[in-house]
Amino acid sequence: MSKVCQLFSGSKGNSIYIASSSGKFLVDAGVSAKRLDGALESIGVDPKELDAILITHEHSDHVCGLKVFAARHSIPVFAHPQVLDSMRYNGIITEKMQANAITGAVRIGGAEIIPFEQSHDSVACLGYRLNMSDSRCISVCTDTGYVTEQAKDAITGSDLVFLESNHETTMLQNGPYPYQLKKRILSPKGHLSNFAAAEFAAYLVQNGTTRIVLSHLSQENNTPDVAYQTTLSSLLSCGLKENFDFRLSVSAPVNTERPIVL
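Please read these numbers as outputs of a predicted model, since none were measured by experiment.

A look at the overall build of the protein
Item 1. Within the protein, the regular secondary structure consists of nine helices and 14 strands.
Item 2. The C-alpha radius of gyration of the protein comes to 17 Å, within 12% of the 18 Å expected for a compact globule of 262 residues.
Item 3. When its C-alpha atoms are laid out on the principal axes, the protein stretches across 50 × 45 × 35 Å.
Item 4. Counting only residues that meet the buried cut, the protein has 55% of its 262 residues in that class.
Item 5. Across the protein, contacts joining residues at least 24 apart in sequence account for 65% of those joining residues at least 6 apart.
Item 6. Carbon and sulfur atoms make up 50% of the accessible area of the protein, which totals about 11300 Å².
Item 7. On the protein, the mean spot of the 22 positive side-chain charges and the mean spot of the 26 negative ones are 4 Å from each other.

Quick look at the structure:
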């Protein structure tokens, strides 16, 4: 049995809890250590039980709580070598922490962790597929301007995918953001749009995925209902049936739900 829960989602902070009987993980630590402690405790998890924190990239909404949280609970940190270098330079990784470069598949706490490259305007960016000890597969694909071939190959066949559905393109284009920021978000190194997420979600479900959790929504350029309906329409147009072929949900900025059990 595996359990997953997006504790925090969006530009104000991101963190995902993924666990089975032989391994407990966080993907990212983008809010304060105090808030991470509270979020884990609210779903019955002792932070000291975590086997590792997997970092996607060095942007603050993914690492701002890492320094205190990892040191406080003596949790090993794994990230791309360039991301580790950037975090060391900025004082996020210190001598008090066990930092590990991840460049290929590794086994941690009974799970096989497979990193894959994303396309984002950071020094490097990874997504992760976690093959859990109970044979469940959970993948995290966020912070990418498009779905890379490496990501597609790694994610296909996952039971559950946390999939970025960051913005509705028209809302972004007509919204208050400065031109350069809009250009960045829409670029191949920006964020995945609702349409791109919906298209990839259909491919995933047609290839064995049964749960899609839409993640990292922009609070300014998207709404949960718009993101949900865009992906739902894509899935239904392929002849797929909700609650039969798939289950679709949207992560809230701050979790209020019980973990999903697989």
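Read on, since the account is not over.
Thoughts on the packing of aromatic side chains
Item 1. In total, this model carries one aromatic pair according to the counting rule given.
Item 2. Measuring from ring centre to ring centre gives 5.9 Å for Phe200 and Tyr203, while their planes differ by 15°; the resulting arrangement is stacked. A residue pair is termed a helical-turn pair when its members lie 3 or 4 positions apart in one helix, as Phe200 and Tyr203 do in helix H8 (residues 194-206) at three residues.
Item 3. Among the residues examined, Phe200 registers a relative accessible area of 7% and is labelled buried.
Item 4. In this structure Tyr203 comes out as partly exposed when scored by relative accessible area, which is 25%.

Topic: the nonpolar core
Item 1. Ranked by internal contacts, the top residues of the largest apolar core, which has 31 residues, are Leu7, Tyr17, Leu26, Ile55, Leu66, Phe69 and Met87.
Item 2. Listed by contribution, the elements that provide at least two residues to this core are strand E1 (3-8), strand E2 (15-20), helix H1 (33-42), helix H3 (66-73), strand E5 (77-79) and helix H4 (81-89).
Item 3. Non-local contacts of Leu26, meaning those with residues more than four positions away in its chain, are made with Leu7, Ser15, Ile16, Tyr17, Leu36, Leu40, Leu50, Ala52, Ile53, Leu54 and Phe69.
Item 4. Membership of the second largest hydrophobic core comes to 25 residues, among which are Leu163, Val205, Ala227 and Leu240.

Structural notes on the pairing of strand E11 (residues 160-164)
Item 1. With five of five residues buried, E11 is to be regarded as a mostly interior element.
Item 2. Of the two faces of E11, both are covered, the one formed by Leu160, Phe162 and Glu164 as well as the one formed by Val161 and Leu163.
Item 3. The pairing of strand E10 (residues 137-141) with E11 spans four bridges and is classified as parallel. Bridge assignment links Cys141 to a residue of E11, and that residue is Leu163.

Rules and cut-offs
- Here the residue index of a chain counts from 1 through its sequence in written order.
- Per-residue local features of the predicted model are confined to residues with pLDDT of at least 70, and side-chain atom pairs are confined, for both listing and counting, to 80 or more; whole-chain, interface and lining totals are unaffected and use all residues.
- In computing side-chain properties, one takes all heavy atoms of the structure into account and sets aside hydrogens as well as water.
- Secondary structure follows DSSP: runs of H or I at least 4 residues long count as helices, runs of E at least 2 residues long count as strands, and numbering of each begins at the N terminus.
- What the globule rule says is 2.2 Å times the number of residues to the power 0.38, and the radius of gyration is computed from C-alpha atoms.
- Throughout, exposure labels follow a simple rule: accessible area from a 1.4 Å probe, protein chains only, divided by the maximum for the residue type, with under 20% read as buried, over 50% as exposed, and the rest as partly exposed.
- What makes two residues a contact is simply this: any of their non-hydrogen atoms within 4.5 Å.
- The protein chains shown are the only cover counted for residues, whose accessible areas, like all others here, come from Shrake-Rupley with a 1.4 Å probe.
- This count recognises Lys and Arg as positive and Asp and Glu as negative, with His and chain-terminal groups excluded.
- All charge positions are set by atom: Lys at NZ, Arg at CZ, Asp at CG, Glu at CD.
- Here is the rule: rings of Phe, Tyr and Trp (six-membered ring for Trp) pair when centre to centre is within 6.5 Å. Planes less than 30 degrees apart are stacked, more than 60 are edge-to-face, and the remainder are tilted.
- The set of buried Ala, Val, Leu, Ile, Met, Phe, Trp, Tyr and Cys residues whose side-chain atoms join them within 4.5 Å is what this entry labels a nonpolar core.
- For two strands to pair, DSSP has to find at least two bridges joining them.

Geometric values such as these leave the question of function open.
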